[in-house]
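The primary structure of each chain is shown beneath.
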Amino acid sequence: MPRQKKKQTKRQKQKKWEKNNNKNNNNKNNNNKNNYNQNNNNNKNNYQKKKDRNAYRKKKNRRKDEIDEEFIKDLEKIGYFIREVGGDGNCLFRSVSDQLDNTEKNYKKYREMCIEYMTQNKDEFSPFIEDDTPYEKYVEKMGEDGEWGGNLEIYALSKALKANFYIYIHKHPMYVVENFQKPDRNIKLTYHEGKHYNSLRKLEEKSKEDKEKEEKKKKEKLEEEDDKEDNDDNEDEEEEEDDDKDDIKDLISKVDHLNI
């Protein structure tokens, strides 16, 4: 005959319920604690990443300004100044136009001269064009307004204009294209950050307009620095607000953890 199950007393049932409830609460607390630690670590990591990004951006902008100033001073020591031209993809041709015509407005004429020479002298240039780009397609593309010119175009302009090129780059050796022992002219340019050409002129050629542009640029730089300071202050305030939000999140997590 099967053994009859002993009936539990009310006190025993109460103890069993308390035991199971404590076990569930412990599991819940452990989960809350793990979630709290993980969220806390994620918040700290995100805050640090944001802080590092802001610091890197500020350092990069500051370094760029320092390089520009250093470059300008170094060129002034040898009797030159930078005449800036438009940065619309035509800067190489604008700079050449300024060197030869004392204005950047004739840049289209020098682009056309470059394209004409490259079209008529395919054998000189085609070995340097990427294999998957047909030469005619490359030249056609380079004929478009705003298409950025590089070393091949400098070489073509040198030949077309019977000119040698001297390109100054900050803290780097000068880039020289000398195709002629007795050139008709020498063209001097500056090259900035691997993406922009300007015209290099003698200090005595500095015009009233150049001086006005320099003053305007200095004024804009001061205003930009003021804006940067305001932005930095706003970023600091945002970081403080984020800290406050993180503190509130931490408090909520702790409350959950303690089952309050």
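Novice: Run through the overall build of the chain, naming residues and quoting values.
Specialist: Regarding its fold elements, the chain presents seven helices and five strands. In the chain, the succession of α and β elements from N to C terminus is α-β-α-α-α-α-α-β-β-β-β-α. For the chain, the proportion of its 260 residues judged to be buried stands at 28%. A separation of at least 24 residues holds for 58% of the contacts in the chain among residues at least 6 apart in sequence. Carbon and sulfur atoms provide 46% of the accessible area of the chain, an area that totals close to 19100 Å².

Novice: Outline the environment of N90, supporting the account with residue identities and numerical values.
Specialist: Structurally, the position occupied by N90 is in the loop between strand 1 (80-83) and helix 2 (91-101). Measuring from C-alpha to C-alpha, the distance between N90 and G149 comes to 7.4 Å, with 59 residues separating the pair along the chain. The contact partners of N90, leaving out residues within four places of it in the chain, are Y107, R111, D145, G146 and E147. One polar contact links N90 to R111, side chain to side chain, over a distance of 2.7 Å.

Novice: Go over the nonpolar core, please, and point to the residues and values.
Specialist: A general tendency of soluble globular proteins is for nonpolar side chains to be buried together. One finds L92, V96, M118, L157, F165 and Y197 to be the most contacted residues of the largest nonpolar core, which totals 29 residues. Contributing elements (two or more residues each) for this core: helix 2, helix 3 (107-120), helix 5 (135-142), helix 6 (151-161), strand 2 (163-169) and strand 4 (185-192). In terms of nonpolar packing, the next biggest core, distinct from the first, is built from seven residues, Y80, Y166, Y168 and L200 among them.

Novice: Explain helix 2 to me, and be specific about the residues and the numbers.
Specialist: The buried fraction of helix 2 amounts to nine of the eleven residues, a majority that puts the element mostly inside the structure. Among the residues making up helix 2, those that are buried are C91, L92, F93, R94, S95, V96, S97, D98 and Q99. Just beyond helix 2, the residue with positive phi is N102, at close to 65°.

Novice: Please provide a residue-by-residue account of the pairing of strand 2, values included.
Specialist: Buried residues dominate strand 2, accounting for six of its seven residues. When strand 2 meets strand 4, the two strands line up parallel, connected through seven bridges. Paired with F165 across the strands is I187, a residue of strand 4. Once strand 2 ends, the chain turns through five residues before running back antiparallel as strand 3 (residues 175-177), passing K171 with a positive phi of about 65°.

Novice: For the side chain of R94, give the residues involved together with the corresponding values.
Specialist: For R94, the position within the fold is in helix 2. Assessed through its relative accessible area of 12%, R94 is described here as buried. If we skip the residues at most four places from it in the chain, R94 touches V85, G86, D88, E104 and Y107.

Novice: Report on the packing of helix 3 against helix 6, specifying residues and quantitative values.
Specialist: Two numbers describe how helix 3 lies on helix 6: the axes approach to 9 Å, and their chain directions differ by 90°. If you check the angle between helix 3 and helix 6, you find them roughly perpendicular. Contacts between helix 3 and helix 6 involve Y110, M113, C114, Y117 and M118 from the first element and L152, E153, A156, L157, K159, A160 and L161 from the second. Looking at the contact of helix 3 with helix 6 residue by residue, the classes come out as ten nonpolar, no polar and two charged.

Novice: Which residues make up the sheet that holds strand 2, and what are the values?
Specialist: Spatial strand order, 1-5-4-2-3: five strands in an open sheet with mixed pairing. One side of each edge strand has no neighbouring strand; the edge strands of this open sheet are strand 1 and strand 3. Strand-to-strand, the axes of this sheet are offset by a mean angle of 30°, without reference to chain direction. Strands strand 1, strand 2, strand 4 and strand 5 (196-202) of the sheet are contacted by helix 2, whose axis makes an angle of about 15° with strand 5. Those strands touched by helix 6 are strand 2, strand 3, strand 4 and strand 5, and its axis lies near 145° from that of strand 2.

Cut-offs and rules
- Within any chain, residue numbers begin from 1 and follow the written order of that chain's sequence.
- For a predicted model such as this one, the threshold for reporting local features is a pLDDT of at least 70, and the threshold for listing and counting side-chain atom pairs is 80 or more; totals across whole chains, interfaces and linings nevertheless cover every residue.
- In computing side-chain values, all of the structure's heavy atoms are included and hydrogens and water are not.
- We count a stretch as a helix when DSSP gives it H or I for four or more residues in a row; a strand needs E for two or more, and each element gets its number in order from the N terminus.
- The cut-offs for exposure are 20% and 50% of the maximum accessible area for each residue type, with area from a 1.4 Å probe on protein chains only; residues under the lower value are buried, those over the upper are exposed, and the others partly exposed.
- Contacts are residue-level and defined by heavy atoms, with any inter-residue pair within 4.5 Å sufficient.
- The Shrake-Rupley method, run with a 1.4 Å probe, gives the accessible areas here. Residue values count only the displayed protein chains as cover.
- Here a polar contact is recorded for every N or O atom pair within 3.5 Å, except that within protein the pair must consist of a potential hydrogen donor and a potential acceptor, and residues adjacent in sequence are included only if both atoms are side-chain atoms.
- Working definition of a nonpolar core: buried Ala, Val, Leu, Ile, Met, Phe, Trp, Tyr and Cys residues. They are joined through side-chain atoms within 4.5 Å.
- Note on pairing: DSSP must find at least two bridges between two strands before they are called paired.
- Axes, fitted as lines to C-alpha atoms, cover a helix only where it is in contact. Angles between the N-to-C directions of the axes lie from 0 to 180 degrees.
- Small angles under 35 degrees read as roughly parallel and large ones over 145 as roughly antiparallel, with 65 to 115 read as roughly perpendicular and the rest as oblique.
- Under the convention adopted here, Pro, Cys and the residues Ala, Val, Leu, Ile, Met, Phe, Trp and Tyr are nonpolar, Asp, Glu, Lys and Arg are charged, and Gly plus all remaining residues are polar.

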